[in-house]
Amino acid sequence: MKQDITTVFNIEHPIVLPGMSMVAVPKLVAAVSEAGGLGILATGPLSADQTLSGIREIRSLTDKPFGIGVTLMMPGSKENAEIALAEKVPVINFSLGKGDWIVERAHAYGGKVIATVVNERHALAAQRYGVDALMATGYEAAAHGGPVTSLVLTPAIADIVDIPVIGTGGFADGRGLIAAMALGAQGVAMGSRFSITQESPVHDKTKQAVIQRGIEDTLYTAKFDGMDCRIMKTPRAEKLIKSPPNLFNALKNSFQLAEQLGIPWIKLLMGTLIKGPKMMLQLSQAANASESIDLAINEGDCEKGVHLVGQVQGRIKDIPTVAEVMARIIKEANDAKAAFS
Ligand SMILES: Cc1cc2nc3c(=O)[nH]c(=O)nc-3n(C[C@H](O)[C@H](O)[C@H](O)COP(=O)(O)O)c2cc1C
């Protein structure tokens, strides 16, 4: 029998706020942890100093367990992981890279580690090097879900590992939580749902744009940031993915990215060059994407900007507080269970 994630992470409800750049900020992270879930701070666009202040801010807002997310292929992510380890953050969630060194060092102080995976091979590898849980991210998810739907991916991974699985991608309510558990998961992570709450920093215009759109109004494409990525379907997004990557813009954005991450531009350039031409192209697309994402999240501009959102946007119809979402999900989950008993 697999351990419950409420026991593994010492939380009340099996519900996780996954890392979302510019969205999973200290206020939202603390609100989810305070409401009994597990909030995870996104450190993608943060320098090491900003990550440290983020951790301190979360600790000033809640004494409940929380996590830090690191996308290992991104520049600056190792430095952010080092800060999380030095600060003995209760949970570290890594994606897009091998986090064995994080597992060893987090376990040394009693911390827990979650690996985000999109296939069985990576799930087994992460289990082998000792992670405590897996975030299995399906096709429905906002941003970088895998090519397989959560309906198929969740049980496929749950059946081959002994550690808890957190169903991710397409979950936004209590019925989804019960469905994920029926598929073998021990809980769910919800990005799109928590991004449309009162505590989320997403601009109100973009929150309204999500509410107005349906389940079919997303695009899944590698042409936005260089990896398969789910975004809101808008005229701008459709145009953007048809045009070749703008290398001049990428160069301009790389200066901004280096400044944001607090690393010298030349170090960013060299680090990218070493990884080869494919990675260079991908990071240049990522630099451009981050400018578009910023416009949607912070300026509410979905005309020039591009918003990351999952298919479940079509099921999101209001902007409640995090505590209201949590209470609603628990009630819906209990009702769904009762309907089957
Ligand atoms: C607004 C928004 C921003 C996100 N930003 C990131 C990100 O920067 N990096 C990442 O790996 N995933 C990102 N995600 C994806 C989430 O971590 C998570 O995998 C996804 O939201 C789960 O699917 P769901 O939206 O159906 O709940 C983002 C999701 C949203 C909604």
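Check the entry above for the structure.
All figures in this text were calculated on a predicted structure; none of them were measured in a lab.

Caption draft 1: How the structure looks around the side chain of Ser-33. Relative to the elements of secondary structure, Ser-33 occurs in helix H2 (residues 26-34). By relative accessible area, which is 1% here, Ser-33 ends up buried. Apart from residues lying up to four places away in sequence, Ser-33 is in contact with Leu-38, Gly-39, Thr-62, Lys-64, Pro-65 and Phe-66.

Caption draft 2: Examining a nonpolar patch on the surface more closely. The grouping of Val-148, Leu-151 and Val-152 at the surface amounts to a nonpolar patch, some 250 Å² of accessible area in total. Structurally, Val-152 is set in helix H7 (residues 150-158).

Caption draft 3: Seen up close, the packing of aromatic side chains. Throughout the structure, instances matching the rule amount to 2 aromatic pairs. Ring plane angle 70° and centroid distance 4.6 Å describe the contact between Tyr-139 and Tyr-220, whose orientation is recorded as edge-to-face. Of the two residues, Tyr-139 is situated in the loop between strand S6 (133-137) and H7 and Tyr-220 in strand S9 (residues 218-221); the sequence distance between them amounts to 81 residues. The lysine or arginine in question, Arg-230, covers the ring of Tyr-139, its NZ or CZ lying 4.5 Å from the ring centre.

Caption draft 4: Spotlight on the site of the ligand. Residues in close proximity to the ligand total 19 residues, the closest being Gly-19, Ser-21, Gly-170, Gly-191 and Ser-192. The contact in question runs from an oxygen atom of the ligand to an N or O atom on the backbone of Gly-170, over 2.8 Å. Within the contact set of the ligand, an oxygen atom lies 2.8 Å away from a backbone nitrogen or oxygen of Gly-191. Protein contact buries 90% of the 610 Å² of open area that the ligand shows by itself. When the residues that make up the shell around the ligand are grouped by side-chain class, the tally is 9 nonpolar, 10 polar and no charged.

Conventions adopted
- Residues numbered from 1 in each chain as written.
- Predicted model: local features only at pLDDT ≥ 70, side-chain atom pairs only at ≥ 80, totals over all residues.
- Heavy atoms only, no water.
- Helix = DSSP H or I, 4+ residues; strand = E, 2+ residues; numbered from the N terminus.
- Buried < 20%, exposed > 50% of the residue type's maximum accessible area, 1.4 Å probe, protein only.
- Contact = heavy atoms within 4.5 Å.
- Patch = residues over 30% accessible without salt bridge, like charges linked within 9 Å, V, L, I, M, F, W, Y side chains within 5 Å.
- Areas by Shrake-Rupley, 256 points an atom, 1.4 Å probe, with all protein chains shown as cover.
- Salt bridge = Lys/Arg side-chain N within 4 Å of Asp/Glu carboxyl O.
- Phe/Tyr/Trp six-rings, centres within 6.5 Å; stacked < 30°, edge-to-face > 60°.
- Lys NZ or Arg CZ within 6 Å of the ring centre and 35° of its normal.
- Near = heavy atom within 4 Å.
- Polar contact = N/O pair within 3.5 Å; in protein donor to acceptor, adjacent residues only side chain to side chain.
- Nonpolar A, V, L, I, M, F, W, Y, C, P; charged D, E, K, R; others polar.

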